[in-house]
Amino acid sequence: MTDSTFEAFRKAEALMAQRRPLEALRELKQVLAEAGEAPSVQLLAGRAYLGSAQLNRAEEAFRKVLDLDPSDHYARFALGRTLQRLARLPEALAQLRMAVAMNPSPEYQEALGEVRARMAVERDR
């Protein structure tokens, strides 16, 4: 990764911290072109896509991360959240279960509970 690519990556991270995903994606164009196979780049792109409601692109980015590193619990969590927003609840449930098994953080457990509750409500209709 060149210095300018690294700077663009850092700027995109800062923009995501400020909740400005569309601007982050603009910064990531160069990074994706030069280092798009890096898990950290795909993870940041996935977060920006998710934050800007580009859910199919987010799913693709998170799946790329998991292809490269199946043990990335955050990518599983983010993929589960993305699938939840796409109303693909059984798939979301599977990803969130794995994320919780890998890292039982309160945030992951809460997301898993939300999907389970929504599935129960839909089942009882």
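Residues numbered from 1 in each chain as written. Predicted model: local features only at pLDDT ≥ 70, side-chain atom pairs only at ≥ 80, totals over all residues. Heavy atoms only, no water.

Looking at an unreviewed UniProt entry, the protein chain carries the name Tetratricopeptide repeat protein, with the source organism given as Lentzea miocenica.

Section: the overall build of the protein chain
Put simply, the test is: Starting at the N terminus, helices and strands are each numbered in turn, a helix being any DSSP run of H or I of at least four residues and a strand any DSSP run of E of at least two. Note that the radius of gyration is over C-alpha atoms, with the globule rule given as 2.2 Å times the number of residues to the power 0.38. Accessible area is worked out with a 1.4 Å probe on protein chains only. A residue is then buried under 20% of its type maximum, exposed over 50%, and partly exposed in between. The criterion used for residue contact is that any of the two residues' heavy atoms lie within 4.5 Å.
Each helix and strand counted, the protein chain has seven helices and zero strands in total. Taken from the N to the C terminus, the helices and strands of the protein chain come in the order α-α-α-α-α-α-α. Scaling as 2.2 N^0.38, a compact globule of 125 residues should have a C-alpha radius of gyration of about 14 Å, and the protein chain matches this with 15 Å. Based on the C-alpha atoms only, the size of the protein chain along its principal axes is roughly 55 × 25 × 20 Å. Counting the 125 residues in the protein chain, one finds 42% classified as buried. In the protein chain, of all internal contacts separated by at least 6 residues, the share reaching a separation of at least 24 is 47%.

Description of unusual backbone geometry
Unusually for a residue other than glycine, A53 sits at a positive phi of about 60°. The partly exposed category is assigned to A53, whose relative accessible area is 46%.

What about the environment of G113?
Mapped onto the secondary structure, G113 falls in helix 7 (residues 106-123). On a C-alpha basis, the gap between G113 and A12 in space is 31 Å, while along the polypeptide they are 101 residues apart.

Description of helix 4 (residues 55-68)
Using the following cut-off: To estimate the expected span of a helix, count its residues, drop one, and scale the result by 1.5 Å. It is the directions from the helix axis to the C-beta atoms whose arc is reported.
Between the first and last C-alpha of helix 4 there are 20 Å, a value that for 14 residues agrees with the 20 Å anticipated at 1.5 Å per step. Listed as buried for helix 4 are L55, A58, E59, A61, F62, V65 and L66. With its buried residues spanning 165° around the axis, helix 4 presents them on a single face. Away from the buried face of helix 4 by more than 90 degrees, exposed residues N56 and D67 are located.

Considerations on the side chain of T82
What counts, and what does not: Whenever a nitrogen or oxygen atom comes within 3.5 Å of another N or O atom, the pair is scored as a polar contact, on the condition that within protein one atom can donate a hydrogen and the other can accept it, and that pairs from neighbouring residues in sequence are kept only if both atoms are in side chains.
Looking at where T82 falls in the secondary structure, it is placed in helix 5 (residues 73-85). Judged by its relative accessible area of 0%, T82 is buried. Within the structure, T82 has its side chain in polar contact with the backbone oxygen of A78 (distance 2.8 Å). If we ignore the near neighbours within four places in the chain, the residues touching T82 are L50, L55, A58, E59 and F62.

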